[in-house]
Amino acid sequence: MNWAVLGDNFSTSPLVLRGLSSSDSYATVKAKATSLYNAMGSMGVNTVRLPVNASTVGGSWWSSYRGAIDAATDKGWKVILGYWEDQNASGGKITNVSAWNSMWTTVINAYGGNSNVYLEPMNEPHGYSSADWRNLAASWLTTHTGANKSRVLISGTGYSQDLRDLCGDSRFNSTLFSFHTYAFFYSAMTESAWESNINTRLGSCANRAVMTEYGAVMDSGLNYGDANSTDNFVRYMVAVSHVQRNNSMGGVYWPALGGKPGPNGYDPYSMFSMGGSGTALTLTVRNTSGRDRVRYGWGF
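Residues numbered from 1 in each chain as written. Predicted model: local features only at pLDDT ≥ 70, side-chain atom pairs only at ≥ 80, totals over all residues. Heavy atoms only, no water.

Bridging between strand β12 (residues 272–277) and strand β13 (residues 280–285) involves 6 bridges; their strand directions are antiparallel. Bridge pairing in β13 links Gly276 to Leu281. The antiparallel hairpin formed by β12 and β13 contains 2 residues in its connecting segment, where Gly278 sits at a positive phi of about 60°. (Pairing = 2+ DSSP bridges. Helix = DSSP H or I, 4+ residues; strand = E, 2+ residues; numbered from the N terminus.)

Spatially, 3 strands are ordered β2-β3-β6 in an open sheet, and the strand pairing comes out parallel. The open sheet has two edge strands, β2 (47–52) and β6 (117–120), and neither has a second partner. Adjacent strand axes in the sheet meet at a mean angle of 25°, parallel and antiparallel pairs treated alike. Sheet analysis places β2 next to strand β3 (residues 78–83), joined by 6 bridges and oriented parallel. Paired with Arg49 across the bridge in β3 is Ile80. (Axes fitted to C-alpha atoms, helices over the stretch in contact; angles between N-to-C directions.)

Bringing the nonpolar core into the picture now. Trp3, Tyr37, Met40, Leu50 and Leu81 are the most contacted members of the largest nonpolar core, which totals 93 residues. When near neighbours in sequence (up to four residues on either side) are disregarded, Met40 contacts Met1, Val45, Trp77, Ala256, Phe272 and Leu283. Counting residues in hydrophobic clusters, the runner-up holds 6 residues, among them Ile80, Leu176, Val210 and Val252. (Core = buried A, V, L, I, M, F, W, Y, C linked by side-chain atoms within 4.5 Å. Buried < 20%, exposed > 50% of the residue type's maximum accessible area, 1.4 Å probe, protein only. Contact = heavy atoms within 4.5 Å.)

For the bond running from Trp254 to Pro255, omega is -25°, close enough to zero to count as cis. Counting through the fold element by element, Pro255 comes out in the loop between β10 (250–251) and β11 (257–259). One non-glycine residue, Glu124, lies in the positive phi region at around 50°. In this structure, Glu124 sits in the loop between β6 and α5 (130–143). Taking the relative accessible area as the measure of exposure, Glu124 reaches 9% and is therefore buried. For Ser248, which is not a glycine, the phi torsion comes out positive at approximately 50°.

Time to look at the state of the cysteines. Two cysteines joined by a covalent bond between their sulfur atoms form a disulfide. One pass over the structure, following the stated rule, counts 1 disulfide. Disulfide partner of Cys167: Cys205, at an S-S distance of 1.9 Å. Measuring handedness by torsion sign, the sulfur bridge of Cys167 and Cys205 sits at about -55° and is left-handed. With Cys167 in helix α7 (residues 164–167) and Cys205 in the loop between α8 (191–202) and β9 (209–213), this pair connects stretches of sequence that are 38 residues apart. The exposure class assigned to Cys167 is buried, which follows from its relative accessible area of 12%. (Disulfide = S-S within 2.5 Å.)

This next bit is on empty space enclosed by the protein. Within the structure shown, the criterion is met by 1 cavity of 30 Å³ or more. What the largest cavity holds in volume is close to 40 Å³. Residue lining of the largest cavity: Tyr111, Gly112, Val117, Tyr118, Leu119, Ala147, Asn148 and Arg151, and that is the complete set. At 3 residues, the largest contribution of residues to the lining of the largest cavity is made by β6. Residues of the lining of the largest cavity, tallied by class, amount to 5 nonpolar, 2 polar and 1 charged. (1 Å grid on protein atoms, 1.4 Å probe; cavity = no way out; pocket = protein on both sides within 12 Å on 5 of 7 lines; lining within 4 Å. Points joined across faces, edges and corners; volume = space filled by probe spheres on them. Nonpolar A, V, L, I, M, F, W, Y, C, P; charged D, E, K, R; others polar.)

This part takes up the pattern of salt bridges. Scanning all chains against the criterion turns up 10 salt bridges. A salt bridge links Glu120 to Arg49; the shortest N-O distance between them is 2.8 Å. Here Glu120, found in strand β6, pairs with Arg49, found in strand β2; they are 71 residues apart in sequence, far enough to count as distant. Since its relative accessible area comes to 0%, Arg49 is described here as buried. The closest approach of N and O atoms between Arg164 and Asp162, which form a salt bridge, is 2.5 Å. Residue Asp162 is classed as buried on the basis of its relative accessible area of 13%. One salt-bridge network, held together by shared partners, links Arg49, Glu120 and Glu213. (Salt bridge = Lys/Arg side-chain N within 4 Å of Asp/Glu carboxyl O.)

Given below as structure tokens:
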């Protein structure tokens, strides 16, 4: 599951995830995160993807924010730390490479030796040509020798939506890849056309890809268990789950909490609504058929 800021993670400010407060201490963040992870775990979650940026890592919030990372690794979960655009990036490009690298040095010094922590140098590098992005990602690997390549996820080109050029680039032979797919990226399709679209863009490296973002509307009562549905969201989610299951591919749903709020004040793609108080936070699934479709993709 992705755990995000309400309003999305593209921010110049410290990233305060949905359910947290900027005044929370490390202990409070860790306790809240533990409550949420325990609730997520009931549907089989074992990985959380968390955003980082320079304001988060370079400021006072970092010491508290680490509670969200540590709560997951203490459970034996995997954590993906992905960089979102901030004051050092714009339009899908890094504008201050030195500051970006400095942020990553801090993260790697803290977590590079933790076998449960995975690093994603940049989320959705859509401002670059394929060649320019691959050169920058290769440079990141050369700069950050403390990062274990087997736990680095290099994003696909565009909005992380195409891995074909990366599959054939020998500089990434030891890495994993981060792949995104959403229904709004493309026109409506049949389920078989969705599967073909996804498989084509995964190229020859589906065995090293993690679908770090995918999602669909979870608050409108759609039946994601209907394989014969004519609804595009349902067809898309059925296809996603088939591709994941057929490739034994990890999938990180967007989002568990947070994201872009709709008219009801929450992201309609969010899997859960949040309740409880203090550090005793609870989660309620918005759409049980959507939950079950996600679980099917995970192999359940």
